[in-house]
Every structure is written in C-alpha cells, then in structure tokens.
Amino acid sequence: MLVAFIATIFVIYLTIQWLMQRPKNFPPGPPCLPIIGSIPFIPSKHIHFTMAGKWREKYGPLVGLIFGISQMVLAVCGPHEVLEVLKKEEFQGRPKGESFKERSFNKYLGVFFSDGAFWMEQRRFTLRHLRDFGFGKKSMGDIIAEEVEDSIKEMSKKGTFEVCGMFAISALNVLWGMIAGTKYSRDDEKMNQVLDRLKKVFRAGNPTGGIGAIFPILKRIIPGLIGYTEAMDNLHEMQSLFRNSIQEHKQNIDDNNARDFTDAYIKEMNLQKSNPNTTFTEEGLITICQDLFAAGGETTTSSIEFSLLYMVLYPEVQKNVQKELDSVVGQNRRPTLEDRPNLPYVEAVITELLRVCSIAPLTPPHRV
C-alpha cells in the first residue's frame, strides 16, 4: 500500500511538472499551473501597468503566457519592441478561434478580426468610401462642429451635469452620419440603449479572451454565470440596429447616387452578387458597422471625458490652452482644422492626454 501511494504521488508530481513545462525557447513569464495555465496570475484590471512595470522588470519586454492547457500567447511590453512587431508582416494575422467568429455570424468578417486578401479588400473599400463621405475632410469638421454646438447648448441648459456619457450621442452621430447618413437626438431612447450595450461590449474585453474562450464548454454549461449570455444579447441588439438600417437603405437606394457608406456597400454587393467568391455580404456590412462603432464611439467619448477631467485637475494647463485659442482663433468663432498648424500647445496637450489616458492600452491580438 505504501509503495502504491508513493508511486501515485510520484506520477502526479511528474504529470504536474510536465503540464507546467514551457516549450523550448519560450519566453519567461508568470507561473503556469496545470489545466488553467497562467490565468490566475494575469490581473483583471490595469494589465498594461503590470506589463510595463513588474513584468517588464522581471521577465523583460517579451513575456510568455499560457492560457488553459496549451494556448500560448506572447505579451510584448516595450514601446520599441511593440513597434518592431507591428511593422513585421509575419505578425499581421488575426487569431483564429470560436470566440472571434461568434461576434461576426461564425465567420471571419469585418476589418478588426480578419486578415489576408479578404481583409485587404474590405479595408481598402472601407477607407476609400469613408473618405468620400467626409472622413478626414473639411466636411467632417463641419459635422463635428455641429455636434459641438449641440453639446454646448445642452450643457448651457443643464448648468450642472454629469460628464460621463455626455458626449456619446455626439461621437456616434459623427460616425453614423458617414455610415448611414442619419442623426439621433440626445434623448432618443433606442439609441441610448444601444450606447449602453456598446459600452458593455467594449468594456467587457479581457486580455485572456475570457474564461469562455479558453474553456468553450463553459458557454454551453453555465453561459449566464460567465457573462456569455449578456455579451451575446448586447451583440445581437447592436447587430439588429445595423440590419434594420441596411433594410431601410435597400428600399430607398439610388444606384446613381450613394448617400453614405451603407449605400456604397450595398451597391458593391449588387455588382458582385453573381460572383461566388465575393467578400461583400450583408453580414460583412453589419460587422464593419460594428467595428467602426466599437473603434470610434466609446474611445472618442472617453477621451473627451478624460480631457475635461484633466483640465479641472490642471487649471494652469487649461489657462494656457485657452490663451492660445484666444490668440489664434479669438472668441467670435469656433476652431477649425485649418487652425491646427497654429495651435502647437493645444495639439501637444491633446497628444499627452491620449498618452496618459490609455483608452485602449492593449492592441487587438495578432497571430503569426
């Protein structure tokens, strides 16, 4: 009995050692436990502080992580190292897996989590037509100026107001103007519900992909407990909004006059409908809208909110910003993009705010 007990303990020990063993030449990193890997040692919040501080000091700029039993991940921590990786073509792929397909009808669609020839065609089309409808142009500045005026009027009415969420409708109206050619009022109940869901989708990000990504069976056994049910509900609500907008566009489309990005995409879908290898589908358009909302809505809103916070915390900076604006722009008009070259201090403050706030401190994952 004693010999059998010792032999069992020895086998368990060897099994644990084997499971915890890192592959040859795999970078150092947090401990790796059997079955769950490095997950317990990855902070659930502010992981970028850990990466840039404790991990970089202890393990170096390249940290090796193992999710679950065998999912190996490299975390690149240094600014120069990150740039080096992002410049290399061999690291431009996106991860393949169930979790990345679930957000886009169980396919690799959109411009965030697709790669290769599909991604190149979709990205090229998206950028070209967004520019046609104002992206980076003076006309977009006019749309932004209109939203700024609406925000100022709203703030003047309220006197005292809560900054959090104040600019969400404005940020999405700028995007939605290019995508669907429409605008929502600040008290639109449906859009505010979508904004709430968008915020939850954006802030539900997890550096490990979530426990459901590592152990997919949990999505079927306890979907509500791990947050999977709520995440899918939020996602489907957003997709429903985009699908309804697309149907409205299809009913009123003019093939000779594309009013917005949605029209342009539908027109391309119609041109390629006889092509069995086309990359232009309604599901693809919904996913691109979803990508653009996620990238531009929550990030822009949070950046403005943080900017106001720091202006309050650093009144001397606020005073210098106002001084430069008064000297270059004056008080009889609003700033425009044409004023940008003459506002170096304002631009430096905005750049520093974007650096300090770290709205999205981790890039979307890449794969070799």
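It should be noted that the structure appears before, not after, this text.
So, a few notes on the structure that sits alongside this text. Model, not experiment: these values are computed from the prediction.

Here's the deal with the side chain of Ser-151
Looking at the secondary structure, you find Ser-151 in helix 6 (residues 138–158). A polar atom in the side chain of Ser-151 sits 3.2 Å from the side chain of Ser-170.

Some remarks on the packing of helix 13 (residues 282–313) against helix 14 (residues 315–328)
Between helix 13 and helix 14, the least distance of the axes is 5 Å, while the angle of their chain directions is 110°. The orientation of helix 13 relative to helix 14 falls into the category roughly perpendicular. For the pair helix 13 and helix 14, contact is made by Met-311, Val-312 and Leu-313 and by Pro-315, Val-317 and Gln-318, respectively. For the contact of helix 13 with helix 14, the residue count by class is five nonpolar, one polar and no charged.

Observations concerning the side chain of Arg-94
The residue Arg-94 is located in the loop between helix 3 (79–87) and helix 4 (98–102) in this model. Buried charge without a salt bridge: Arg-94, with Asp-115 as the nearest opposite-charge side chain at an N-O distance of 6.9 Å. At 2.7 Å, the side chain of Arg-94 and the backbone oxygen of Phe-112 are in polar contact. At 2.9 Å, the side chain of Arg-94 forms a polar contact with the backbone oxygen of Pro-365.

What about a nonpolar patch on the surface?
On the surface, a cluster of nonpolar side chains totalling about 520 Å² of accessible area is made up of Leu-2, Phe-5, Ile-6, Ile-9 and Ile-12. Along the polypeptide, Leu-2 turns up in helix 1 (residues 2–20).

Observations regarding the pattern of salt bridges
All chains considered together, the criterion is met by 13 salt bridges. Across the pair Arg-103 and Asp-291 runs a salt bridge, and its minimum N-O distance is 2.5 Å. In this pair, Arg-103 sits in the loop between helix 4 and helix 5 (116–132) while Asp-291 sits in helix 13, placing the two residues 188 residues apart along the sequence. Residue classification places Arg-103 among the buried residues on the basis of a relative accessible area of 15%. Residue Arg-340 is joined to Glu-347 by a salt bridge in which the shortest nitrogen-to-oxygen separation is 2.7 Å. Via salt bridges that share partners, Lys-96, Asp-115 and Arg-367 belong to a single interconnected network.

What counts and how
- Residue positions are given per chain, counted from 1 along the sequence in the order it is written.
- For a predicted model such as this one, the threshold for reporting local features is a pLDDT of at least 70, and the threshold for listing and counting side-chain atom pairs is 80 or more; totals across whole chains, interfaces and linings nevertheless cover every residue.
- Hydrogens and water molecules were not included; the side-chain quantities draw on all heavy atoms of the structure.
- Under the scheme used here, helices are H or I runs from DSSP no shorter than 4 residues and strands are E runs no shorter than 2 residues, and both carry numbers assigned from the N terminus.
- Definition of a polar contact: a pair of N or O atoms within 3.5 Å, with one able to donate and the other able to accept a hydrogen when the atoms are protein atoms, and with sequence-neighbouring residues admitted only if both atoms are side-chain atoms.
- Working convention: axes come from line fits to C-alpha atoms, limited for helices to the stretch in contact. Angles between N-to-C directions cover 0 to 180 degrees.
- Orientation is classified from the angle alone, with under 35 degrees giving roughly parallel, over 145 giving roughly antiparallel, 65 to 115 giving roughly perpendicular, and any other angle giving oblique.
- Contacts are residue-level and defined by heavy atoms, with any inter-residue pair within 4.5 Å sufficient.
- Side-chain classes follow a simple rule in which Ala, Val, Leu, Ile, Met, Phe, Trp, Tyr, Cys and Pro form the nonpolar group, Asp, Glu, Lys and Arg form the charged group, and the remainder, Gly included, forms the polar group.
- Using a 1.4 Å probe on the protein chains alone, a residue whose accessible area is under 20% of its type maximum counts as buried, one over 50% counts as exposed, and one in between counts as partly exposed.
- When charges are tallied, Lys and Arg are placed among the positive residues and Asp and Glu among the negative ones, while His and the ends of the chain are skipped.
- Basic side-chain nitrogens of Lys or Arg form a salt bridge, by our definition, when they fall within 4 Å of a carboxyl oxygen of Asp or Glu.
- Residues with no salt bridge and a relative accessible area higher than 30% make up the patches, which join like charges within 9 Å and nonpolar side chains (Val, Leu, Ile, Met, Phe, Trp, Tyr) within 5 Å.
- Note on areas: Shrake-Rupley with a 1.4 Å probe; residue coverage comes only from the protein chains shown.

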